[in-house]
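# Topology and contacts: notes
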Amino acid sequence: MFQEQLPALFEKWGKPELAQIAKNGSFPNRKVESWKYTPVQNIQISESEKSTLNLPFEGILLEPNTQAEGIQIGFEAVDFPRKDIFDDFANESFQRVLTVTISRKFKSELPLIWIHQPTSVSTDCIKIIVEDGATANFVELYQGNQQLALTYSNILVESKAIFNHYQFQFDGFKAGMPQVLSKIYAQQHAQSTYQHTIITFDGSWIRNELNVTHLGEYLFTGMNGLYVADGNRLVDNHTNLEHAKPNGESSEFYKGIAMDRGQAVFNGRIHVFQDAQKTNAFQNNQNLLLSNEAQINAKPQLEIFADDVKCSHGATVGKLRQDEIFYLQSRGLSKETATQLLTNAFGAEVIEKIENETLRSYCLEAWNNKMGV
Amino acid sequence: MSKDQELLDSITSQEYQWGFESNIDQDIAAIGLSEDTVRFISKKKNEPEWLLEWRLKAFEIWKTMPEPHWQNLDYAPVDFQSISYYAEPKKKTLNSLDELDPEIKATYDKLGIPLEEQKLLAGVAVDAVLDSVSVVTTYKERLAQDGIIFCSLSEAVHEHPELVKKYLGSVVPVADNYFSALNCAVFSDGSFVYIPKGVRCPMELSTYFRINAKNTGQFERTLIIADDRSYVSYLEGCTAPQRDENQLHAAVVELVAMEHAEIKYSTVQNWFPGDKEGKGGIYNFVTKRGACLGNHSKISWTQVETGSAVTWKYPSCILKGDYSVGEFYSVAVTNNFQQADTGTKMIHTGKHTRSRIVSKGISAGKSQNSYRGLVRVNKRAEGARNFSQCDSLLLGDRCGAHTFPYFEIQNNSANVEHEATTSKIGEDILFYFRQRGIGEEDAVAMIVNGYAKEVLDQLPMEFAVEAKKLLAISLEGSVG
Amino acid sequence: MLQIKNLHAQIEGKPILKGINLEINAGTVHAIMGPNGSGKSTLSSVIAGREEYEVTEGEIWFNGVNILELEPEERAREGLFLAFQYPIEIPGVSNANFIKMAVNEVRKHKGLESLSATDFLKLMREKAALVGLKDDFLKRSVNAGFSGGEKKRNEIFQLAMLDPKLSILDETDSGLDIDALRTVAEGVNALKNSENAFLVITHYQRLLDYIVPDVVHVLYDGRIVETGDKDLALKLEDQGYDWVIEKHKQEA
């Protein structure tokens, strides 16, 4: 079991302090409400070779020596909330964290890229400050073999800034069975936009946590996700939006597909504070369950303490619509092709929402390859 | 102070109307909980050995269980040693209604529950439970003509032991949860219903629960069995005196529906909710579950929850029979400092099973109102369908409305849909009423009743009228 | 019946009505026309008592009562009716129950007994027929899922049921096809008598072909700038509002 292996592995990798935590701490289990659908015991650890870096599109790679107009690189100590043992691992190893400050002077159309490419249990951390009025696209790519990547980001979107944050968990996974635990803590000031998009259709054990807190009014948070659990994959998406100020707006749109023996989880919490009057929050989660060995767990969650709000959520779990399949069949397509086409379209709806054309085409192409369309 | 605020504050002006205490001569068990308490209760009821053993086993299990804290509730812990687990009116074994303690009769008259048969609402048979024991069951003989058994559970233990033995704990197992385990150990009385094959129960059956004695907990237990092709509609009402301290109510209800049988279970829960400062009130920790064992069976829960300081309650359906149907219709109102965490579980295990959930939460004052519901479709539950609609209405800006739906779907032919909205009563809608000459209070009552209509429509007529009034009273003055 | 004297009103600090003077007598039909944004709907809202609008100056007298002191429901019970431009949908509350409550409130105010169920049903059927609404509409929820035309008919139905002294029709013609417009107008004409009065607020003249006004006012920038007979409406239909704007721009 992974839990028992860890202390020895950390020792071997020269991280005795982490070995100590692994030995004494306890791992979350199914009785912990937020880990109800995440089997930690399924994580598998071994070492692997570092793969070669692969930049699928042009961008600005974020590294200690990155140089670009409007970008300032620094190092800082960062603390993350400690809610589970993984947070302990992470915080112990974050003494000098890559800090990226994006100013208004940053005018490049190119996305900023952060690549996760660990060879064992790794802890990656970044801190990003998007200054007043700045705009940037930021992409996290996951590449590597058998490992567990713990990736933490701390994001501050200042007034009137626009920050598009993408996590692409599919390309470069093919060699092994990578595992990811990603945690994002984003904070937004007045009139800012934070748009997060996550697409997952590779890897073996994936859990993503997204936390967004509003610090000002009249801002927008977008959260879109496409997650596919095929093979034996677990994809577990947790989002937590803290509508702490009045006049905030949010829109959340997650689509999941589970097939083979996969398990797809969505847990989306929206918390509207007492003072957050005139909040407008929308959440929608749609799931396709395509095999009887697969499962879908969904837990949308609205916690509302203000009365003058518009909040709604919807969730569905089902299969493809028979009338749609029939329609395509009546036009001469085989049932298999029709199913493939419709499943592809189901997922593509999320990808189509990506505004940046380069990134959208990149995802669409990968998605079409995945679905054989 | 704004007008809105004034009206909001005047929510609290509506006092609990059922808060009187009756002066009835009672036998009350010594305070505290131990194996001896369990033996005392069992002995008091002259129970057979098997039942005592069952209770003792439950007590052993309960002692090892931790109190649950996953709910969205915040309350002072219950001191299980400061409660008396049994209270009964002294005079017992009635041969006719005339022998009933006049004080008890008067109590039920005050509640508007006449026990004398001639005064009964046409078509409603009543079992009245005061504190720990069933005091009277009406219309028994007439029901017996159809082979229907409707009596107190204590009576059934003696007269129909084979049925009780077979089904007691069959739907809610002893170790199911903390409060149900406690109930198994110390349950006092409750109703027992058996509807034989092919019989459609000719009248509504009803139990009226009343906590009267001080420092007592009420642990009633209801068991309803509907045999093949039978039908029964069962109503449950609850009230309690107004007291400063919290009182515990930990009931268990088990329903069993055989092939093509249908059980409709309606509750109007109006336990004392505590005063406007949040002092006192009932802790209502209830386990209600129905098993649709037979193919084409149906269980429908309807609840109107307006009372209790803290409510923890998830009337559920296990849809085991193929083509069985589970329904849950709920209106939960919380006001002042009330807290409710209520909803349902629909467990689909049979093929082509269907479930429907309609939940309408209404929060006012400083209350917290949560819907929590699970829809599970097991691997073999081919063709399962579920539709859930969970709406919340907020009256005032100091209250909370929360929705926690859970979906666990393992069969790819399942079709599950969930919708939820949260809103308040808009100024424009109130203005529309007022422009037609209808004052705010009446408008709110009408809007809330309209909002809850889909649920209220499920109640039998007499209950629906009662429930509408109750909703209006619970929310009087709650919107500006 | 209605006297408005030097009425000023604002919303969120922004002045909308800037000194309205208007007198309406029993047995008359007045029309208020005006370009978009001139304050027509504000005027009806202020008369009916919408709380978002703050009256900063002036008086509104209705049958000898200063109604600015009254709550909206008290104004309604006094006999003031507003047919909404956008009638509200009220899910779960049936038309029958809604109007029954309203009628009984008004009767109570007049010191009358509530109507018996049979009398009430008879009255409802009669009035529903007047505006061409079918029986099953009474059981449906108020305006929920109604077409635009049905909603407006329902407003006139409620008007007929409540038998008010003064009825304000706020853009009742908007969103109506010609047949519905005619039905609504016929309903109004049938209800007109020497004891009551109507104030028809509209942007277009076409409703006034069917409900013929005795007096026509033009509202511009929060003031009544022109008053005339029905020919004034025809002139507006013919020439638009430009000449009004041109003529009174200086004063604005």
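Look a little higher up for the structure.
Residues numbered from 1 in each chain as written. Chains lettered and ligands numbered in written order. Predicted model: local features only at pLDDT ≥ 70, side-chain atom pairs only at ≥ 80, totals over all residues. Heavy atoms only, no water.

Turning our eyes to something else, we now look at the interface of chain A and chain B. On the chain B side, the residues contacting the 36 residues of chain A number 33 residues. Between chain A and chain B the total buried area reaches about 2,800 Å² when both faces are included, carbon and sulfur atoms providing 46% of it. When the area that chain A buries against chain B is broken down by residue, the three leading residues are Asn292(A), Asp307(A) and Val317(A), summing to 21%. At the junction of chain A and chain B, the tally comes to 2 salt bridges. Between Asp308(A) and Lys424(B) there is a salt bridge whose closest N-O contact spans 3.9 Å. (Contact = heavy atoms within 4.5 Å. Buried area = accessible area lost by both parts, 1.4 Å probe. Salt bridge = Lys/Arg side-chain N within 4 Å of Asp/Glu carboxyl O.)

This brings us to the sheet that holds strand 9 (residues 166-170) of chain C. Residues and elements named next belong to chain C. One open sheet accounts for 6 strands, arranged 6-9-10-3-11-12; its pairing is mixed. Looking at strand neighbours, the two that pair on one side only are strand 6 (80-83) and strand 12 (223-228), the edges of this open sheet. With direction set aside, neighbouring strand axes in the sheet form an average angle of 20 degrees. Here 4 bridges tie strand 3 (residues 29-33) to strand 11 (residues 215-220), and the two strands are oriented parallel to one another. The residue bridging Met-33 from the neighbouring strand is Val-218, located in strand 11. (Pairing = 2+ DSSP bridges. Helix = DSSP H or I, 4+ residues; strand = E, 2+ residues; numbered from the N terminus. Axes fitted to C-alpha atoms, helices over the stretch in contact; angles between N-to-C directions.)

This part covers helix 12 (residues 461-474) of chain B. Residues and elements named next belong to chain B. Look at helix 12: 20 Å from first C-alpha to last across 14 residues, which is about the 20 Å you get at 1.5 Å a residue. Regarding helix 12, the residues found buried are Phe-463, Ala-464, Ala-467, Leu-470, Leu-471 and Ser-474. Buried residues of helix 12 fall within an arc of 125 degrees about the axis and therefore sit on the same side. The exposed residues of helix 12 that point more than 90 degrees off its buried face are Met-461 and Lys-469. (Expected span 1.5 Å × (residues − 1). Buried < 20%, exposed > 50% of the residue type's maximum accessible area, 1.4 Å probe, protein only. Arc of directions from axis to C-beta.)

This part is about the environment of Cys184(B). Residue and element names in this part refer to chain B. If you trace the backbone, Cys-184 turns up in helix 8 (residues 178-186). Among the residues examined, Cys-184 registers a relative accessible area of 0% and is labelled buried. Residues contacting Cys-184, with those up to four places away along its chain left out, are Trp-54, Arg-55, Ala-58, Val-174 and Arg-221.

This part takes up the packing of aromatic side chains. Residue and element names in this part refer to chain A. Applying the stated criterion to the full structure yields 43 aromatic pairs over all chains. Measuring from ring centre to ring centre gives 5.8 Å for Phe-138 and Phe-163, while their planes differ by 20 degrees; the resulting arrangement is stacked. Linking Phe-138 in strand 6 (residues 135-142) with Phe-163 in strand 8 (residues 162-169), this pair joins segments that are 25 residues apart in sequence. A relative accessible area of 0% means that Phe-138 is categorised as buried. (Phe/Tyr/Trp six-rings, centres within 6.5 Å; stacked < 30°, edge-to-face > 60°.)

On to the sheet that holds strand 5 (residues 65-66) of chain C. All names here are of chain C. One open sheet holds the 4 strands; their spatial order is 2-1-4-5, and the pairing between them is antiparallel. Two strands bound the open sheet, and with one partner strand each, they are strand 2 (14-24) and strand 5. Bridge analysis of strand 1 (residues 2-11) against strand 4 (residues 53-62) gives 8 bridges, and the strand direction is antiparallel. Directly across from Gln-10, in strand 4, lies its bridge partner Glu-54.

Moving on, we get to the arrangement of the chains. The interface with the highest contact count, out of 2 pairs of chains in contact, is the one between chains A and B. At the level of C-alpha atoms, the two units chain A and chain C stay apart, their nearest approach being 16 Å.

What follows deals with empty space enclosed by the protein. Residue and element names in this part refer to chain B. Tallied over the full model, the rule gives 8 cavities of 30 Å³ or more. Space inside the second largest cavity adds up to approximately 110 Å³. The wall of the second largest cavity is formed by 18 residues, among which Ser-359, Gly-361, Asn-369, Ser-370 and Tyr-371 lie closest to the centre. Of the residues belonging to the lining of the second largest cavity, the class tally is 5 nonpolar, 11 polar and 2 charged. (1 Å grid on protein atoms, 1.4 Å probe; cavity = no way out; pocket = protein on both sides within 12 Å on 5 of 7 lines; lining within 4 Å. Points joined across faces, edges and corners; volume = space filled by probe spheres on them. Nonpolar A, V, L, I, M, F, W, Y, C, P; charged D, E, K, R; others polar.)

Listed per partner, the contact involves 19 residues of chain B and 32 residues of chain C. Carbon and sulfur atoms make up 65% of the surface buried where chain B meets chain C, a total of about 2,200 Å² over both sides. Of all residues in chain B, Phe431(B), Tyr432(B) and Arg436(B) bury the most surface against chain C, accounting for 34% of the area lost on that side. Where chain B packs against chain C, one counts 4 salt bridges. One salt bridge in this structure joins Glu71(C) and Arg434(B), with 2.4 Å as the shortest N-O distance.

As for its position among the elements, Asp231(C) is in helix 8 (residues 230-239). Put simply, Asp231(C) and Gly148(C) are 83 residues apart on the chain and 29 Å apart in space, counted from C-alpha to C-alpha.

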